Structure formats: structure tokens, C-alpha cells
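# Coordinate analysis (summary)
Here are the chains, one letter per residue:
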Amino acid sequence: MGLKVFVVHFLQWIIIGFGFATAIRYEPTATPRGAGTSANPSGNPSSGCCQCKFDDTAYLNSACGSMASFMILVQSLMMSRCDIADPCRRAGRSDLPDGQWYDFIIVGAGVAGPILARRLSDYPWWKVLLIEAGPEEPTMTAFPGLAFNAINSSLDWKFLTEPTQPHPTACLERGGICAWPRGKMVSGTGGLYGMMYVRGHPEIYNKWAREGNVGWSYSEIEHYFERAEAPANPNMVRSEPFARTRSGGPLQINYFPHKPDFSDDLLNSAKELRYRIGSLRGFNQTGFMVAPMMTSAGLRGTTSRYYLRPVSQRPNLDVLINAHVTRILVEKWSARAYGVEYIDKNGVRRVMKTNKEVILTAGAIGSPQILMTSGIGPKEHLTKLGIKPVKDLPVGENLHNHVSIGIKMSINDTHYETLTLSAINEFLATRSGPLASTGLTQVTAFLESSYSTAGVPDLQIFFDGFSSKCPRTGLQTECPDGSINTCPERREIVARPTVVCPRSKGYMKLRSPNPLDPPLLYPNYFVNEVDAKILVEGIKKVVELSKTKALRKWDLRLDTKPHPWCARYYFGSDAYWSCLIRVQTGPENHQAGSCRMGPVGDARAVVDPELRVHGVENIRVADASIFPIVPNANPVAAIIMVAEKASDLIRAAWMVK
């Protein structure tokens, strides 16, 4: 390291330390029920410090590397803040006595699992166990400004898809292999994504009902959204999308307290093209908006934070972490589930048993994998692997996902890092600023292609920009490459048109009988050519935005450098875009459908409309895998609705008994 660089870093450490020391503002921390004064022996609730501890994951060390000294210091500070780390309300533990009996065992503490754990443990006579393969929700996933940093870390399953057979159809520059990040921690993929909260169009749920799923039309499930939601911004309740919602739900929904100035001009450009701006709700989903987010107090909102932590001291609720469930135990003579087998943090196989049900909430990949390793799935496939079939069901079929493409653009704005020492101090003082926001990603659009059902958007556009990942110094003049004062005069903006009503369907299989091996995932992107045509239309809609007067002051320009794999086509032609979407496919992270819901007699279905696995007693699935059709928006809101409804279905079944 040169002397000049060393001096800069040394001075920066001094400045950072002084800035943190003078900016820290401690806030009261609620004492958890049953914790008593031992949670904060100082007796001063505003001290921001307590003696509660949990095994936190310092993943920025690997995500950012050794050069990002600023980020490592930020991590150390935030993990030491009791008002942010929230250590006194962490329920996860890695050890429980072997062979215990529970009324309900819930597998997967991602989005749906914490909701079911909360709702079922509301009844003190029911003993509930929630099992998670990963660690407790880390402190550093709580910051919107670092929303995606955990991807490819130890908190990510790091799934990779298989090339489409007989020849690849997507992600061609990576050999037809697409990356599918999935969260491996309490909060699951809810700790990896951008926090956008959108229910999706009612017609999607009405289609579920028309397929024979009684009780799943939008009018029948709308109150489950409402039961969960607690919109914090008064404008959300006055002018929709939450006009019917009362504020008593656990789920805090708000707008981020910070957004870049470019966001307003982006919305003005959409208005110039006569799109609806804001108030996208119900059957009026088409248009642009700054999206509602799962956030409060400047932090990421997750179901584990909103549902699980407030009840972490319940004596009838256990949360087992770092425990990988390998299979469901099923009595062969009665086809009835009675427990689960799992591998604990030390690699030891253990068993937990249930009096009532095993509920899978392990997601669109985890839930079908566990069913198949338990002998529930396609008979021929399981037999080939030496797994004795318990029930022949189409587990793993109907796997589908949204699919996108990133279109690079730039604006006339010097590309300084947004996450600076000043931004950290602003967050600590006001819980606002770039650390409390995902930048431009909070702006989204729902649009209709020529292939859409009238009024039902089949395209969503995400926008990326004005965000940081791993700044090295925290200086105001730091550039994306870590240099100082030599930044590009143009800032990169990326628009990601996304097909949200995909016609292409894939499938998944077990790679081997070993439950620790990742499954074989075949998304089959673009096997239905209509998906490709819709995405090309989405690209053209993005190009239209770049020509508006509202964005002229930013000198928004499309990156016209052709991709070398598509250079044989004229840039901007349909043929060029069709090539690009297959070469640089954005695989998205909205997987669904692999344990499809359908009535008795539906040969495509794995679970019935009460989410019970067909032909096997005492197993339910309650996550995105049950979607017959993935909603045409970020699926988290729909997963929350499913979990809320599942809790009622389970309560009704066992209260009667």
C-alpha cells in the first residue's frame, strides 16, 4: 500500500471513529417478557446497551473483502447497538433435547414460518417448534441500504439452475446456468430482497379459485392481507392502497424516508407518457409508483422481526436454528406424519416428533425437496434414486419464476458513492438517509404488453441506481471503484423489465438421495416464446422513458454498446433484444408453484385448498410453492397472506377435534 493511500485510510479511521462517537443516539429498548432486569442490568433503558447476546453473523467481512475497512467498522458499530441488533428478543437456539414432542413442527423460518409460529403459539396449550437451517437473522441484513449484500454469502443457499434440455434457452453467457439466491437464515429470502410490498392483481387469485381452489378468490382472502398489515403512513390509508386496512396488524408498511431526486423526475417522465402515477391497488394496478415497503424505524421489515421477536419469550414456542431438516417421518402403514429428522449444527442426526402436524414453510425449493426425500413425489423418480415412495404426487412440477433483463443507462451526475460517513451519521441521528433506503429500487412500474389480459399487468419494471454495496472509505468523493476524486461524470442507472405472468414452466428433481445435495432446478425460461416477446416489449417501454422531456435535464442515455454475443444484430432491433435477454437473463428470485394447490382429482396438485398434502395425513405446505400461478408482483405479500390463512385452517381443524 502506497504512503498516500495509507495516510488517507489512517485519517479516515480517525474521522470515522470521531463521527460515530459524536453521532450515536441511543434509543429505548423494550424489555422482553420474562427477561426481567437482567436484560439491561444498568437499569437505564435508554443506554442502548444490554447484556443479552445472540450468535450474530458478521457476513460483510466476506461480502466486501479486506479492503472495505469502512464497512467492517460500520458492521462492528451496528452489531454492538442494542437498539438495532435487538438481542433480547431473539428466540433462536442451536440445541434442544432430542426426541421432544410438539403439537406442531414448522420447517423453515423464512417469510411464512414466523407467522405460523406466532399464530399457533397464541394458544398456550399448543406447543410449537419452528426449525431453521440457517442462523439467527443477522443485524446487518436490517439496513435497506445494504439490502442485497447477503447474496452469495453464508446466508444464501446459492442455488444454481440447470441448462434447459435439450439446449440452453437462458443465461447463455454462463453456460445456461442461472443463479437463484435463497435466504438461509431466520427471515429467509425476506432478508435478501428489496422489501417491496405489493399484493398483486386480484385476477391472479380469482384464477386460483376458478381452478377449483375453494376459498381462495380475492374477495375471500383479502382480509388476510388486511389482518397482517399496519400501514404507518397516513396517506396510505386515506388514498389507498390500504383504505380498508386497520392499523393493528404486525406488519409495518411505509415508504422509505429517503429517495434520490431522480425518482421524482422518473415519475414525471411516466406521467408524460400518460401512465397512472401512484394509487396502484386492487384492480387498478397499471402504472408507476414509489412502492410501499416493509420497513420501520429505518430498518428492514421481516416477518421474523414483526411476528416472532415480540413473542420470543413464550414458553410454548421453541425456535431451533442451524438445524437442517432432511425428511419427514411418515408411518408407512397409515401414511401419517409423526415427526421430522434433522441434522444439527454438529452434524448429528436427530428427531423431533409431533402430535398433530408437520407444516412445511421452506419455500419453493426447500419444501418440495423435503417432500421428495421423505418419499412423497414422482414415484418413478424416487424409485430410481432408491427412495421408497410413500405417495406418488407431482412434487417439483409447475416450478416457475419471473424473468427479467437489465438495460443499462446513464445520467449526467457524478458517480460518487451514496453510503458515506455522513450517511451513517444521518442514519444514527434520524434513522433516515441512504442507509434507510434502497435508492432508486423503490420506484417500480406495472405495465401491460400486447399479450396481457386487459387491466392485468404482465410486466413489472424495477429500477436500480443511487445505491452502494461496499464503499471502502466513507468519504464523500469516493468512487464505485474505491478511488477518490476520480469518479465517472455519469452515473449508471439500470432498468429491469420483468415478465410477471410467465407462461414457461419448469420443474425440479432430487440430485441424489442425499438430502444435503442441492436439487436439480430446471426453470425452462423462454421455452414459451411469448415470454420472450413480452420482455422485448418491456425493453421498448423502457426506451420510451429515455426520450421524455422530464429526463432530458438528466441527459438520460441508453448504453448503446452492443453485447459481443449479439453484435450480429442491429442494436435496438427486436432480434438484438431477443438475443440479449437469452444471453444476459435476469433470473429474478420469485420462484413458486412446485407444490401446486388444487382440489382432489387434480392430477397436477400436491396440496388441497386447505394446504394438506394429498394422500398423506398431517402434512401441510404454506409458502410460495403452493401457488398455482405466481402473483404478478413481488410475492412476499402473497406468502404472508397464505401463512395467515393457513393458521386459520389449522386452528379450525384442531379446535374442532
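Residues numbered from 1 in each chain as written. Predicted model: local features only at pLDDT ≥ 70, side-chain atom pairs only at ≥ 80, totals over all residues. Heavy atoms only, no water.

The next thing to look at is the overall build of the protein chain. Within the protein chain, the regular secondary structure consists of 16 helices and 27 strands. Expressed along its principal axes, the backbone C-alpha trace of the protein chain runs to roughly 70 × 65 × 50 Å. Residues classed as buried in the protein chain amount to 62% of the 657 residues present. Excluding contacts between residues fewer than 6 apart, the proportion of contacts in the protein chain whose partners are at least 24 apart in sequence is 72%. About 25,200 Å² of surface is accessible on the protein chain, with carbon and sulfur atoms providing 52% of the total. Each charge sign in the protein chain was given a centre, from 72 positive and 60 negative side chains, and these centres are 1 Å apart. (Helix = DSSP H or I, 4+ residues; strand = E, 2+ residues; numbered from the N terminus. Buried < 20%, exposed > 50% of the residue type's maximum accessible area, 1.4 Å probe, protein only. Contact = heavy atoms within 4.5 Å. Areas by Shrake-Rupley, 256 points an atom, 1.4 Å probe, with all protein chains shown as cover. Lys, Arg positive; Asp, Glu negative; His and termini not counted. Charge placed at Lys NZ, Arg CZ, Asp CG, Glu CD.)

Our next topic: the nonpolar core. Within the largest apolar cluster, 144 residues are counted, with the highest numbers of intra-cluster contacts made by Leu371, Leu611, Phe627 and Ile640. Per element, the largest residue contribution to this core is twelve residues, and it comes from helix α16 (residues 636-656). Once residues within four sequence positions are removed from consideration, Leu371 is found in contact with Ile328, Leu360, Ile376, Val395, Cys595, Val606, Val613, Ile619 and Val621. (Core = buried A, V, L, I, M, F, W, Y, C linked by side-chain atoms within 4.5 Å.)

Attention shifts here to the packing of aromatic side chains. For the structure on display, the rule yields 20 aromatic pairs. Summarising the aromatic geometry, the rings of Tyr507 and Tyr522 are spaced 4.7 Å apart at their centres and angled 20° between planes, so their arrangement reads as stacked. Of this pair, Tyr507 sits in strand β23 (residues 506-509) while Tyr522 sits in strand β24 (residues 520-522); the two residues are 15 residues apart in sequence, bridging distant segments of the chain. Residue Tyr522 is classed as buried on the basis of its relative accessible area, which comes to 12%. Here the aromatic residues Tyr205, Trp208, Trp216, Tyr218, Phe225 and Phe627 are joined through ring pairs into a cluster of three or more. Above the ring of Phe526, the side-chain terminus of Arg582 is found at 5.5 Å from the ring centroid. Lys645 extends its terminal NZ or CZ atom over the ring of Trp216, reaching a point 5.0 Å from the ring centre. (Phe/Tyr/Trp six-rings, centres within 6.5 Å; stacked < 30°, edge-to-face > 60°. Lys NZ or Arg CZ within 6 Å of the ring centre and 35° of its normal.)

Let us now look at the sheet that holds β24. The antiparallel open sheet is built from three strands, whose spatial order is β17-β23-β24. Two strands bound the open sheet, and with one partner strand each, they are β17 (397-399) and β24. Taking each pair of neighbouring strands and ignoring which way they run, the sheet shows an average axis angle of 35°. As paired elements, β23 and β24 share three bridges and run antiparallel to each other. Within β24, the position partnered with Tyr507 by the bridge is Tyr522. Contacts from helix α11 (residues 363-373) reach β17, β23 and β24 within the one sheet, and its direction differs from that of β23 by about 50°. (Pairing = 2+ DSSP bridges. Axes fitted to C-alpha atoms, helices over the stretch in contact; angles between N-to-C directions.)

This part covers the pairing of strand β9 (residues 293-296). Judged by which residues are buried, β9 turns out to be covered on both faces: Met293 and Thr295 on one side and Met294 and Ser296 on the other are all buried. Here strand β7 (residues 251-254) pairs with β9 via two bridges, running antiparallel. Counted as the bridge partner of Asn254 is Met293 from β9. Note: β9 against strand β10 (residues 299-300), two bridges, orientation antiparallel. Each residue of the ladder has a partner; that of Thr295, found in β10, is Arg300. Turn length for the β9-β10 hairpin, with the two strands adjacent in sequence and antiparallel, is two residues, and the turn residue Ala297 shows positive phi of about 55°.

Topologically, Asn634 is positioned in the loop between β27 (619-621) and α16. The spacing of Asn634 and Gly194 is 440 residues in sequence and 9.4 Å in space, taken between C-alpha atoms. A polar side-chain atom of Asn634 sits 3.2 Å from a polar atom in the side chain of Gln460. (Polar contact = N/O pair within 3.5 Å; in protein donor to acceptor, adjacent residues only side chain to side chain.)

With that out of the way, let us pick up the pattern of salt bridges. A full pass over the atoms with the stated rule returns 37 salt bridges. Between Asp122 and Arg314 there is a salt bridge whose closest N-O contact spans 2.8 Å. Taken together, the positions of Asp122 in the loop between α5 (112-121) and β3 (128-131) and Arg314 in the loop between α10 (303-308) and β11 (317-320) put the pair 192 residues apart, joining distant regions of the chain. Arg199 serves as the salt-bridge partner of Glu229, at 2.8 Å between the closest nitrogen and oxygen. You can see Glu229 sitting in strand β6 (residues 229-231) and its partner Arg199 sitting in the loop between β5 (179-180) and α6 (202-210), a full 30 residues away along the chain. With relative accessibility at 0%, the residue Glu229 sits in the buried group. (Salt bridge = Lys/Arg side-chain N within 4 Å of Asp/Glu carboxyl O.)

A few words now on the confidence of the model for the protein chain. With 90% of its residues at a pLDDT of 70 or more, the protein chain has an overall mean of 91. In the predicted structure, residues 1-47 sits below a pLDDT of 50 and forms 70 contacts with residues beyond four places in sequence or in another chain. (pLDDT = per-residue confidence, 0-100.)

The full count for this structure, using the stated rule, is five disulfides. The partner cysteine of Cys52 in its disulfide is Cys88, sulfur to sulfur 2.2 Å. Residues Cys52 and Cys88 are joined through a disulfide that is right-handed, its torsion about the S-S bond being 100°. On the criterion of sequence distance, the pair formed by Cys52 in the loop between α1 (3-23) and α2 (60-64) and Cys88 in the loop between α4 (82-85) and β1 (92-93) is long-range, its members being 36 residues apart. Given a relative accessible area of 6%, Cys88 falls into the buried group. Between Cys171 and Cys178 runs a disulfide, and the two sulfur atoms are separated by 2.0 Å. Across the S-S bond of Cys171 and Cys178 the torsion is about 115°, and the bridge reads as right-handed. Just as Cys171 is buried, Cys178 falls in that class too. Disulfide partners in the protein chain, listed by the sequence order of the bonded cysteines, are 1-3, 2-6, 4-5, 7-8, 9-10. (Disulfide = S-S within 2.5 Å.)

What follows is about the packing of α6 against helix α7 (residues 218-228). Where α6 meets α7, the axes come as close as 9 Å, and the angle between the chain directions of the two elements is 120°. Viewed along their axes, α6 and α7 adopt a mutual orientation that is oblique. Facing Pro202, Tyr205 and Asn206 of α6, the residues of α7 in contact are Tyr218, Ile221 and Phe225. For the contact of α6 with α7, the class distribution of residues is five nonpolar, one polar and no charged. (Parallel < 35°, antiparallel > 145°, perpendicular 65-115°, else oblique. Nonpolar A, V, L, I, M, F, W, Y, C, P; charged D, E, K, R; others polar.)

What follows covers the sheet that holds β10. The strand order across the open sheet formed by four strands is β6-β7-β9-β10, and the pairing between neighbours is mixed. Taken across any chain shown, the strands that pair with only one partner, and hence form the sheet edges, are β6 and β10. Packing of α7 onto the sheet brings it into contact with β6 and β7, and relative to β6 it is tilted by some 55°.

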